[in-house]
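Descriptive structure summary
Here is how the chains run, residue by residue.
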Amino acid sequence: MSPMDSRKIPEIVEKRSKASEADDLQEELTLVTRVVNKIGQRNVRTCNLPQRSIRFVKDLVTTLVEEQWRYALLVFVASYVGSWVLFAGLWYILSYAHGDLMQDPTTGERLGDGVMPCVDGATTFPGFLLFSMETQISTGYGAKVPTEECPESFGLLTIQLIVGLLIDGAILGVVYAKLVRPPQKISEMKFSRRAVICQRDGQLCFVFRICDRKWQHAIETKVTAVMLESKRTAEGELIEKCESYLKLENDGRLVLLWPVTACHVIDRDSPLYDLSAAELLERRLEIVITITGGTMTTGQINQARTSYVPSEICWGHRFCNMVEYDTRKQSYVAVNERMHDIEQVDTPLCSARQLDILKKRLQNDVNGETQTEESSENKPQPAAV
């Protein structure tokens, strides 16, 4: 090795380190600036929303369904304990107004009006609290029972029973909605980690794979693809994350019997028509994929989302086959380990527009050569002497 080469080695290492740092920074920036992450969660926050806390309280059911289980259980326990304490206080006030809590200090006899107290067997607040719990959650009474001495007790007893039924019904509804709700990481299981751009029947196509293992989108399955990219109008207005829909084959209607690939043909109507492989790495775009459908068990409509940024779109690749027919099991088998496998194929690096122009030129050249050959063949031959 020459001294000149030894001097260049630190410079080459420094350039490579700077390039790797730039790639890491670009990848980190891409992950931060994306609108939808890989598991379908939105990276959007609303600021300065008036009466934000009040809105969550007004739509309490939706808030409980979307919140985590620990917060929902805390609200359930608080609602039960709050209702027990509230009605225990009302029973205590009713008995105090009737004089059931006044007793003779020497004999211990009740000094109130009437033959019997409103609540027999309860003279302290803990006793009324136990009575309130028995009234709301049990089917009968023990030593503490209401009597017919106070007419107001009938109304208070009816109100407490109705409130208890309402709380039970609300909790059952929220728990059922949370149980049948799809998991939050449903998108991570349904979409391939990468998308590819390859040729199909001579046309460039944007392809991604979908797998619905639990048939959570089996009814009226619909897949949509939207490209988000900043756009500046002719008047100078900047439209942040302008939406451009990508038309999928069969209008996005898929039969998810096994893992399938959704395809968008990059034609003249496609927003990717002028995009080449080199320009793809420079563009700050994001393609959001959404799948909507109903489950066959409950009929509930579910939706899963994911997105692909330029670093997750592989130009010149295609997905490997993952569906095989097993003769022993007499059925098709989908190998889940191949869900994200891709293979490299020969694909033009130019845009679809440039590819169409080259095809037309080639076709015109072929047609010109054919016409020349036909004209030469039809040209009359000179007569023999």
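Notes on the structure follow. In this text, all values refer to a predicted model and were calculated from it rather than measured experimentally. What you see as residue numbers is a count from 1 along each chain, following the sequence as written. Per-residue local features of the predicted model are confined to residues with pLDDT of at least 70, and side-chain atom pairs are confined, for both listing and counting, to 80 or more; whole-chain, interface and lining totals are unaffected and use all residues. Note that the side-chain values use all heavy atoms of the structure and ignore hydrogens as well as water.

**Digging into the pairing of strand E8 (residues 285-294)**
Rule in force here: Per-residue accessibility, obtained with a 1.4 Å probe over protein chains only, is compared with the maximum for each type, and a residue is labelled buried under 20%, exposed over 50%, and partly exposed between these values. Think of it this way: any DSSP run of H or I at least four residues long counts as a helix, any run of E at least two long counts as a strand, and we number them from the N terminus. Pairs of strands are assigned from DSSP output, requiring at least two bridges between the strands.
Among the 10 residues in E8, nine count as buried, and that is most of the element. Sheet topology note: the strand E5 (residues 219-232)/E8 ladder contains nine bridges and is antiparallel. Residue pairing across strands places Val-226 opposite Val-288, the latter belonging to E8. In terms of strand pairing, E8 meets strand E9 (residues 301-308) through eight bridges, oriented antiparallel. Bridge pairing in E9 links Val-288 to Ser-307. A loop of six residues connects E8 with E9, the two strands running antiparallel in sequence, and Gly-299 in this loop sits at a positive phi of about 75°.

**Considerations on the sheet that holds strand E7 (residues 260-265)**
Basically, it comes down to this: Simply put, an axis is a line fit to the C-alpha atoms, just over the touching stretch for a helix, and the angle between two N-to-C directions goes from 0 to 180 degrees.
Strand order in the open sheet formed by four strands is E7-E4-E3-E10, with mixed pairing between adjacent strands. Two strands in the sheet have a free side with no partner beyond their single neighbour: E7 and strand E10 (313-315). For this sheet, the mean angle separating the axes of adjacent strands, direction not counted, is 35°.

**What to know about the packing of aromatic side chains**
The condition that has to hold: Only rings of Phe, Tyr and Trp enter the pairing, Trp through its six-membered ring, and a pair is recorded when the two centres are within 6.5 Å. The plane angle decides the type: under 30 degrees is stacked, over 60 is edge-to-face, the rest tilted. As a reminder, the over-ring test applies to NZ of lysine and CZ of arginine, requiring each to be within 6 Å of the ring centre and within 35 degrees of the ring normal.
Under the counting rule described, the total for this entry stands at nine aromatic pairs. With 6.5 Å between their ring centres and 75° between their planes, Phe-206 and Tyr-308 make a pair best called edge-to-face. Here Phe-206 is found in strand E4 (residues 203-210), whereas its partner Tyr-308 is found in strand E9, with 102 residues between them in sequence. The exposure class of Tyr-308 is buried, given its relative accessible area of 0%. Note on Phe-208 and Tyr-308: the rings are 6.2 Å apart at their centroids and 40° apart in plane angle, and the pair reads as tilted. Taken together, the residues span a long stretch of sequence, with Phe-208 in strand E4 and Tyr-308 in strand E9 at a distance of 100 residues. Just as Phe-208 is buried, Tyr-308 falls in that class too. Following the ring pairs from residue to residue traces out a cluster consisting of Tyr-92, Phe-125 and Phe-128. Geometry around Trp-69 places Lys-178 over its ring, the cationic atom sitting 5.0 Å from the centre.

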